[in-house]
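Per-entry structural report
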Amino acid sequence: MAVDSSTQGTKPPAGTSGAPVPTGLRKVVAASMAGTIVEWYEFFLYATAATLVFNVIFFPASDNPLDNIIKAFLTYAVGFVARPLGGIVFGHFGDRYGRKKLLQLAIILVGVTTFLMGCLPTFDAIGYAAPILLIVLRFFQGFAVGGEWGGAVLLVAEHSPDRQRGFWASWPQAAVPAGNLLATIVLLVLSRTLTEEQFLSWGWRIGFWLSVVIVAVGYYIRTKVTDAPIFKEVQAEVEAAKKVQYGVFEVLRRYPRGVFTAMGLRFGENIMYYLVVTFSITYMSAHLEMNTSTILTLILFAHVVHFLVIPVVGRFSDRLGRKPVYATGAVLAAVWGFVAFPLFDTKNDWLIVGILIVGLVIHALMYAGQPAIMAEMFPTRMRYSGVSLGYQVTSIVAGSLAPIIATMLLSTYGTWVPVAIYLALAAAVTLVAVVALRETVGVSLRDIDAADREKFVEQVHAQ
């Protein structure tokens, strides 16, 4: 077999092991991160606006401030419901036509829907048509984000050396807090430079309109990369062998364990994240009546640390293994809620920012290794579908409902204890999935494809 020129490059960074860094890998990482930052800037912008703005301007007034927040979070959840559909559609065509083309489409779709959200009239102007239009746009935004993640992480994972995949593939994960950080900065600047009346009237729209500029930059960067050699090779094989199948039904038929294990891994991690970065805002603003600017400032510092920690954890997953790192995160997540909320109740800025940072570091222990873990579960011909399905379907019952369930528990019981128990149970589900997980650190994606090819040949002969 001829030597793949893409594996010839510079020496690996100090402290890494395995093959040299492939030429162009850093460009691939940058392209993947650029789009992911854009899309999560817009996704988090919506999450924050749902708590601070949408509950006020898109719904009729209510005596209980938590009632409208719950309604706003329901529109937020629509995006999560759309994400698996986006993952299935983008995964199907991404496995067939390539990761790059679908990623370019995803970033444009997210940008357009987010800009239009900034143009929506309020409830006072058009009544219930306002939240209906918001829901429609949110659906398409979620659809695009659902297709984004799988393509972004696989673009990097499939270019990465086997012994460094955890480190390199964690960088698109770090783009999530980077996007959240950017959204937080924009909202913080607007909230501090405008009066509350100005911010609720028109100031919040600026953050949504800025998406046009950010999308243009992200799209341009993504035009400068190509799909990985391993994908191109498998794509040629699939085209030559017409009986070879791909897509969601094929991955469920051939690799159900991988799909359901991925869902279990995702469950506690996803709930943990949205309790830390979304529900905590609700808890501090509505329950503790803390100042909006103060809350956003505290969240901002936590996002910075989260961004820096994720690649470090990704490297540890290459050295120590995927399972021990992930299991540590799941165990600590079960404890976090019982420590965090009493510290929130102190209203001490230093204690609050500290526990927010701890929460996101714990989250990173589970989140950083996900791209490598999930990429190593499936062969190339159906990897986009398998990864997107395992990752996005879980969002419906995990991340989408987490702020809603937590807010309802707080409203019903008037205490944080049920919320902490909810998180602990979710972490227990993820810990079970970690136990069931097969350790795949250092595995060759080509070996996975070869094993899949052998199984397919055996199946054909059996028929």
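Residues numbered from 1 in each chain as written. Predicted model: local features only at pLDDT ≥ 70, side-chain atom pairs only at ≥ 80, totals over all residues. Heavy atoms only, no water.

1. Some words on the overall build of the chain
Inclusion rule: Numbering of helices and strands starts at the N terminus; helices are DSSP runs of H or I of at least 4 residues and strands are runs of E of at least 2. The buried label applies to any residue whose accessible area, calculated with a 1.4 Å probe on protein chains only, is under 20% of its type's maximum; exposed applies above 50%, and partly exposed to all values in between. Note on contacts: a residue pair is in contact if any heavy atoms of the two residues lie within 4.5 Å. Reported accessibility uses the Shrake-Rupley method at a 1.4 Å probe radius. Residues are deemed covered only where the shown protein chains occlude them.
Secondary structure summary: the chain contains 20 helices and two strands in total. Here the chain, with 463 residues, has 60% of them falling under the buried criterion. Long-range pairs, those at least 24 residues apart, make up 85% of the contacts in the chain between residues at least 6 apart in sequence. A total accessible area of about 17600 Å² is found for the chain, and carbon and sulfur atoms account for 69% of it.

2. Considerations on the confidence of the model for the chain
Defined as follows: pLDDT expresses how confident the predictor is about each individual residue, on a scale running from 0 to 100.
With 89% of its residues at a pLDDT of 70 or more, the chain shows a mean pLDDT of 83. Per-residue pLDDT stays below 50 along residues 1-18; that stretch engages in 34 contacts with residues further than four places along the chain or on separate chains.

3. Let's talk about helix α19 (residues 417-436)
We apply this condition: A helix is expected to reach a length of 1.5 Å times the quantity of its residues less one.
Under the 1.5 Å per step criterion, the end-to-end length of α19 is 29 Å for 20 residues, consistent within 8% with the ideal 28 Å. Listed as buried for α19 are P418, V419, A420, Y422, L423, A424, A426, A427, T430, A433 and V434. Buried positions along α19 lie against α12 (256-287), α14 (322-345), α15 (349-367) and α18 (402-413).

4. Side note on the packing of helix α5 (residues 129-157) against helix α17 (residues 383-397)
The description of two helices packed together rests on the angle between their axes and the distance between the axes. Operational definition: Here, axes are lines fitted to C-alpha atoms. For helices the fit covers the stretch in contact, and angles between N-to-C directions go from 0 to 180 degrees. Just so you know how the angles are binned, under 35 degrees is roughly parallel, over 145 roughly antiparallel, 65 to 115 roughly perpendicular, and the rest oblique. Should the near helix be turned counterclockwise from the far one by less than a right angle, the crossing is left-handed, whereas a clockwise turn marks it as right-handed.
In the contact formed by α5 and α17, the axes pass within 9 Å of each other and the chain directions differ by 125°. What the angle tells us is that α5 and α17 run oblique. In this structure, α5 meets α17 at a crossing whose hand is right-handed. In this structure, α5 contributes V145, G146, G147, W149, G150, G151 and L154 to the contact, and α17 contributes R383, Y384, V387, S388, Y391 and Q392.

5. Structural notes on the packing of helix α7 (residues 171-193) against helix α13 (residues 292-320)
Contact geometry of α7 with α13 gives a least axis separation of 8 Å together with a crossing angle of 160°. In this view, α7 runs roughly antiparallel relative to α13, as classed from their interaxial angle. Seen along the crossing, α7 lies across α13 with a hand that is left-handed.

6. Focus on the pattern of salt bridges
Formally: We count a salt bridge whenever a side-chain nitrogen from Lys or Arg sits within 4 Å of a carboxyl oxygen from Asp or Glu.
Here the structure, examined in full by the defined rule, presents eight salt bridges. Note that D452 and R254 form a salt bridge whose closest N and O atoms lie 3.5 Å from each other. In this pair, D452 is assigned in helix α20 (residues 445-462) and R254 in helix α11 (residues 248-254), connecting sequence segments 198 residues apart. Among the residues examined, D452 registers a relative accessible area of 5% and is labelled buried. For R254, a relative accessible area of 17% gives the class buried. In this structure, the salt-bridge partner of R322 is E376, at a minimum N-O distance of 2.8 Å. Within this pair, whereas R322 is found in helix α14, its partner E376 is found in the loop between α16 (370-375) and α17, the two being separated by 54 residues in sequence. If you follow the salt bridges from partner to partner, you end up with D162, R165, D318, R322 and E376 in one network.

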